[in-house]
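# Overview (structure and organization)
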Amino acid sequence: MQGTLDMLILQTLQWGPQHGYAIGHAIRACSRDTFQVETGSLYPALHRLERQGWLESEWRKTESNQRAKYYRLTSSGRKQLLSERRRWQQFVTAIGGVLNPAKSEEPL
Amino acid sequence: MSLLDWIFRRRRERELEEEIRSHLEMAARDRMESGESGDEARQAVQREFGNALLVKEVTREMWGWGWAERLLQDVRYTLRQLRKNSSFAALAIIMLALGIGANTAMFTVIDSVLIQPLPFRDAKRLVSIKIGYLDSHFGDPDQNPVSWSTYRELRTRSLSFEDIIGIGAWDWTVIQTPQGGQKVGRATITPSGLDGLAVHPVLGRAFDSKDYQSGAAPVVLLSAKLWRDHFGSDPQILRRQVRIGGAPYTVVGVLPDSLLDLLVLQAEVVTSGVWLPSRADEDFDLAGILRPGVSRQAAQAELGTFALDVCNQNQECAKSAKFIVEPCRDVMTGAVRPALLALAGALVLVLLIACVNVSNLQLARHQVRRQELAVRAAIGAGRGRLVSQLMAEGAVLAIAGTVTGLGFASVLLAAVHRLPPNFIPRADEIELRVPVFAMLAVIAAIATILSSLAPALLATRSAPEEALREASGGSITGRKRLRLSQWMVAGEVALSAVLLVSAGLMFHTLYNLEHIHFGFDLQQVTTFAATPANAPGYFGWLAARSSGTAPQAQSVVTRVYQPVLDRLRQLPGVVDVALGSWTPFDGETGFAMIRPPGVPESQQHGLIAAQICYVSPDYARAMGVPLIKGRMISDEDTAGSPLVAVVNETLARRLAPGQDPIGEQIAYPAHSSPTMKNNYTIVGVLGDARQHIVTRAPDPEVLLAYQQVPTSDPRYFFFASGTNYFVRTRGHQELTNAIRQIFRQLAPGYAVDHFRSLQVALDDATFNQRLGLYLTGSFAGVAILMVLTGLYGVLSQLVGQRRREIGVRMALGATNRSILRMILRQGSILALAGLALGLLAALAAGRLLRAFLYGVKPLDAATYVAVAVALLALSIAAALLPARRASRIDPMAALRSE
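Residues numbered from 1 in each chain as written. Chains lettered and ligands numbered in written order. Predicted model: local features only at pLDDT ≥ 70, side-chain atom pairs only at ≥ 80, totals over all residues.

## Quick word on the overall build of chain B
For chain B, the helix and strand inventory stands at 31 helices and 22 strands. By residue count, 40% of the 898 residues in chain B fall in the buried class. Sequence-distant contacts in chain B: of pairs separated by 6 or more residues, those separated by 24 or more amount to 82%. (Helix = DSSP H or I, 4+ residues; strand = E, 2+ residues; numbered from the N terminus. Buried ≥ 20, exposed ≤ 12 C-beta atoms within 10 Å, placed from the backbone. Contact = placed C-beta atoms within 7 Å.)

Written out as structure tokens, the structure is:
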């Protein structure tokens, strides 16, 4: 779904800088293998988000002494994540309303 | 995309590479840690990762400069393609360059000359006012100058004009410059003229009212070119005195050259000259500035009410008078307008044909390349990618053609500036017009890019195999388009036939003109003109006549001309020297009616129009004209001795058919001057010498002795206002400086100019014919190029479309030869159809050319045959390449490609 991957990446990076491989892994792990992020989508998305200024990157060594490109959320990236989450929440609520009409008829 | 991005592109590329590698290594390590072997892990990781190239490509897109890279790729690919087909590329570029270049030059000229307003204030409302008379008894039918009082009358009473400006007393005169005498134009302008036209001096001041008062100190304004060329742009010229026509004037300013354009009102083109304040005793030609909103017709009608004033209250005259009000610009450019527009029309056609041909060539080339395109489409090249690639090809061609065209246009415009000064009016205002060029470049670019797009679309139809079928022949629209192209090619052949016939006729004419027997020597004779510092001219004569000034006691002949001739004769290398009143081919002539012997003075008919020429004794020898009978004019024929004449053979035959004319007497029938009543005795007969190239037969001619012109005679004023010299030399001699030196000593202040050999004089006279030959010749060259490329393009496409059919024919036993013949026949049919049409059109064109032709009929059989043969041969040559390609089609391959 458009924008979903972006949100997942931003969410993953909320806990600290991470490289591409780990981001892919984290998304897969957190979604309990529901989302298999393909590299053909992951890297373009990372580069796009970086270009939009929501991510910054730097080269660092991993624990196993491997050079890797680490991505970090910027402050505008944080704001973007918040707005994406809000949008997602509205979306879920709306879908829920359609799937469970009875519930939505209840007076607020 | 910022420049910085571009610079760091390489680094980002490397980083992406490393990022992916580190991903793969980390993934592999994870797998190895869970127990897989190194190789297994690496393979699994590769599989999992997918196509790394694709990932990289998609990721690169995100950087935001993918399009630039693609464009670069396309351009590189295009350049490679065009290098491989360099002849195609060269042809296409040349055609576009010709089309764009020639049109840019042409429309620049049209814009500068016909469209841009004259450099005067309210130039759009600036009109010339001419007065003509229906009854020639009252004056010239087209144009007559008006007196000062009429000018004042019209200016104060007419309501149609903001101002009326008079240009008076136009003539040539001699101004003394640091380099000696110079012949320049002179004219006067009425008091409001400079202000009215808003012509501001480049230096100094304009005339003010004091300059116009009678008895004011004589002042003059110089034209900028005169000031530049002969006074070295010296600002100290102001308030200095210069001698003009023998009298001193104070220079008060320098005027822009544009004002001289106004002299076109006098039907003269003058490049440098002097302006004087008008005087009340002059006659004026008029220009007016219309009031805003007043039409030319209204002004004309209103001026009509002043007819009686113009005619000094003569009713008959007033009825006959008509006023003609025309925009000044049209008067100046009217003569060249039709020619320029016709040329422009032809050139637009050239541009159109060039665009069509480039597109035909593109299509033809893609017939050859269509398999490549189809294959590339089949293995997955995106449609957009192919289209953009082919568009890049069109764009590269268009840009190369346009740049070359710009260069070509500048060359052409440089050539325009080298035309004789009076060839195109306002020539000095012609400058490359960038908007014109830009517009044409855009047109050519659109045409080229669109035409390169067509094959792209054809090759990238959704289903490649359908595209292949389309390309190999089934398509109806393709056929229709091709038929149109065939017509176009036939039209091109027709056009080149017309142009080639015209060029052939012009060439023939020029050849004839170069090889005419003129009756005198062209090579060894140098001619030049000498104008006295105080040349009286026509106005001098008028002034002398009205003031009754006593004629000079001693003729200029004995004072100046004779001593000069003697000195010239002593120059090294000089064989003979003479002077005469006219230079051959100059167009200036002195025709007069003469009365043959036996025709009584009172009789009006039986008179003969002959060219009258005053000459010095060596005239015939210097020019190389043979003496047939009797003697030539000699030094003994002085003012005091009996009047003698020498006639040419033509006149001798007319005067006394079959008899000896020596001793017969001829005379002028005119009685305007008592001295002209005298009889002249014929003492000799000269061979015929042609003074004009256009006349078929030599004119009757009378030579009179230069010493026998009385100073009281009106003809003396012309004679004393300048003569032409003829110097026959041994081999080529550079005498200009030596001759000027002699004049400086013996005749100081004389303007000595117009040095040229008689051959050059002839070349000048045949300039129109030569220009016509160059123009039709180069047009014909372009047309031939068009025919070659057009035929090649169309036949190549035809071969491409009929590939399958040709394959079938060959499979059924047709030989290579018969296929070759078939395609050649196709080409010849197009060529013959065009040729038939073209030769018919040439018949009409030849009639238009008639006035330019000499010694060749418009229906010259040799020219027509030569053109037909040449065009057929060229057409066959152009058809040979596609025909050979057709004959080499492999039937199996052609059939299988279905």
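After presenting the structure, the write-up continues.
## Some points on the overall build of chain A
Per the secondary structure count, chain A includes five helices and three strands. The linear arrangement of helices and strands in chain A, starting from the amino end, is α-β-α-α-β-β-α-α. Taking the contacts inside chain A whose residues are at least 6 apart along the sequence as the reference set, 47% of them involve residues at least 24 apart.

## A few points about unusual backbone geometry
Residues other than glycine seldom take positive phi values, yet Asp33 of chain A does so here, at roughly 65 degrees. The exposure class of Asp33 of chain A is exposed, given the 8 C-beta atoms found within 10 Å. Unusually for a residue other than glycine, Asp122 of chain B sits at a positive phi of about 50 degrees. Structurally, Asp122 of chain B is set in the loop between helix H6 (86–115) and strand S1 (126–133). Residue classification places Asp122 of chain B among the partly exposed residues on the basis of 17 C-beta atoms within 10 Å.

## As for the environment of Gly580 of chain B
Residues and elements named next belong to chain B. Summarising the element assignment, Gly580 is placed in strand S13 (residues 574–580). Overall, the presence of 20 C-beta atoms within 10 Å leaves Gly580 in the buried class. C-alpha separation for the pair Gly580 and Ala705, spaced 125 residues apart in sequence, amounts to 9.6 Å. If sequence neighbours within four positions are ignored, Gly580 has contacts with Cys613, Tyr614, Val615, Tyr619, Thr723, Asn724 and Phe726.

## Regarding the pairing of strand S21 (residues 723–729) of chain B
Residue and element names in this part refer to chain B. Burial runs high along S21: seven of the seven residues are buried. Going residue by residue along S21, you find Thr723, Tyr725, Val727 and Thr729 tucked away on one face and Asn724, Phe726 and Arg728 tucked away on the opposite face as well. In terms of strand pairing, strand S12 (residues 525–531) meets S21 through six bridges, oriented antiparallel. Within the sheet, the bridge partner assigned to Thr527 lies in S21 and is Phe726. (Pairing = 2+ DSSP bridges.)

## Remarks on the interface of chain A and chain B
Note on interface size: it is often stated as the accessible area lost on association of the parts. Counting from both sides, the interface comprises 15 residues of chain A and, opposite them, 18 residues of chain B. Its residues placed into classes, the side of chain A that touches chain B shows four nonpolar, six polar and five charged. (Nonpolar A, V, L, I, M, F, W, Y, C, P; charged D, E, K, R; others polar.)

## Regarding the sheet that holds strand S1 (residues 18–19) of chain A
Sheet strands line up and pair through hydrogen bonds in the backbone, either parallel or antiparallel. Residues and elements named next belong to chain A. Judged by pairing direction, the sheet is antiparallel, and its three strands sit side by side in the order S1-S3-S2 without closing on themselves. The open sheet has two free edges, formed respectively by S1 and strand S2 (55–61), since each of these has just one partner strand. The sheet contact formed by S1 and strand S3 (residues 67–73) spans two bridges and is antiparallel. Bridge pairing links Gln18 to Tyr71 in S3.

## Description of the confidence of the model for chain B
Atomic detail in the predicted coordinates should be set aside for any region of low pLDDT. Predicted confidence across chain B gives a mean pLDDT of 82, with 89% of residues reaching 70 or more. Here the complex is predicted with pTM 0.66, and the ipTM for its interfaces comes to 0.84. (pLDDT = per-residue confidence, 0-100.)

## Describing the nonpolar core
Residue and element names in this part refer to chain B. In this structure, Val220, Val274 and Ala645 are the most contacted members of the largest nonpolar core, which totals 125 residues. Element by element, the count of residues in this core is highest for strand S3 (residues 161–177), at seven residues. Residues within four places of Val274 in sequence aside, it is in contact with Ile175, Val184, Arg186, Val220, Leu221, Leu222, Ser223, Leu226 and Ile244. Ranked by size, the runner-up nonpolar core spans 87 residues in total, among them Ile353, Phe779, Met786 and Ile806. (Core = buried A, V, L, I, M, F, W, Y, C linked by C-beta atoms within 7 Å.)

## A closer look at the packing of helix H3 (residues 39–51) of chain A against helix H4 (residues 52–62) of chain B
Remark: H3 of chain A packs on H4 of chain B, axes separated minimally by 8 Å, with the N-to-C direction vectors making an angle of 20 degrees. On the basis of their axis angle, the class for H3 of chain A and H4 of chain B is roughly parallel. Once H3 of chain A is placed against H4 of chain B, the crossing between them reads as right-handed. Within the contact between the two elements, H3 of chain A uses Thr39, Gly40, Tyr43, Pro44, His47, Arg48 and Arg51 of chain A and H4 of chain B uses Leu54, Val55, Val58, Thr59, Glu61 and Met62 of chain B. Class assignment of the residues belonging to the contact of H3 of chain A with H4 of chain B gives a composition of six nonpolar, four polar and three charged. (Axes fitted to C-alpha atoms, helices over the stretch in contact; angles between N-to-C directions. Parallel < 35°, antiparallel > 145°, perpendicular 65-115°, else oblique. Left-handed = near helix turned anticlockwise from the far one by under 90°.)

## Quick look at the packing of helix H29 (residues 816–849) of chain B against helix H30 (residues 861–887) of chain B
All names here are of chain B. Relative orientation of the contacting elements H29 and H30 amounts to 150 degrees, with a least axis distance of 8 Å. Considering how the two elements wind past one another, H29 and H30 form a crossing that is right-handed. Contacts from Asn816, Ile819, Leu820, Ile823, Leu824, Gly827, Ser828, Ala831, Leu835 and Leu839 of H29 reach H30 at Tyr864, Ala868, Leu871, Leu872, Ser875, Ile876, Ala879, Pro882, Ala883, Arg884, Ala886 and Ser887. Class assignment for the residues of the contact of H29 with H30 results in 16 nonpolar, five polar and one charged.

## Quick look at the environment of Pro292 of chain B
Structurally, the position occupied by Pro292 of chain B is in the loop between strand S10 (283–290) and helix H11 (296–304). Along the chain, Pro292 of chain B and Phe161 of chain B lie 131 residues apart, while their C-alpha atoms are 8.8 Å from each other.

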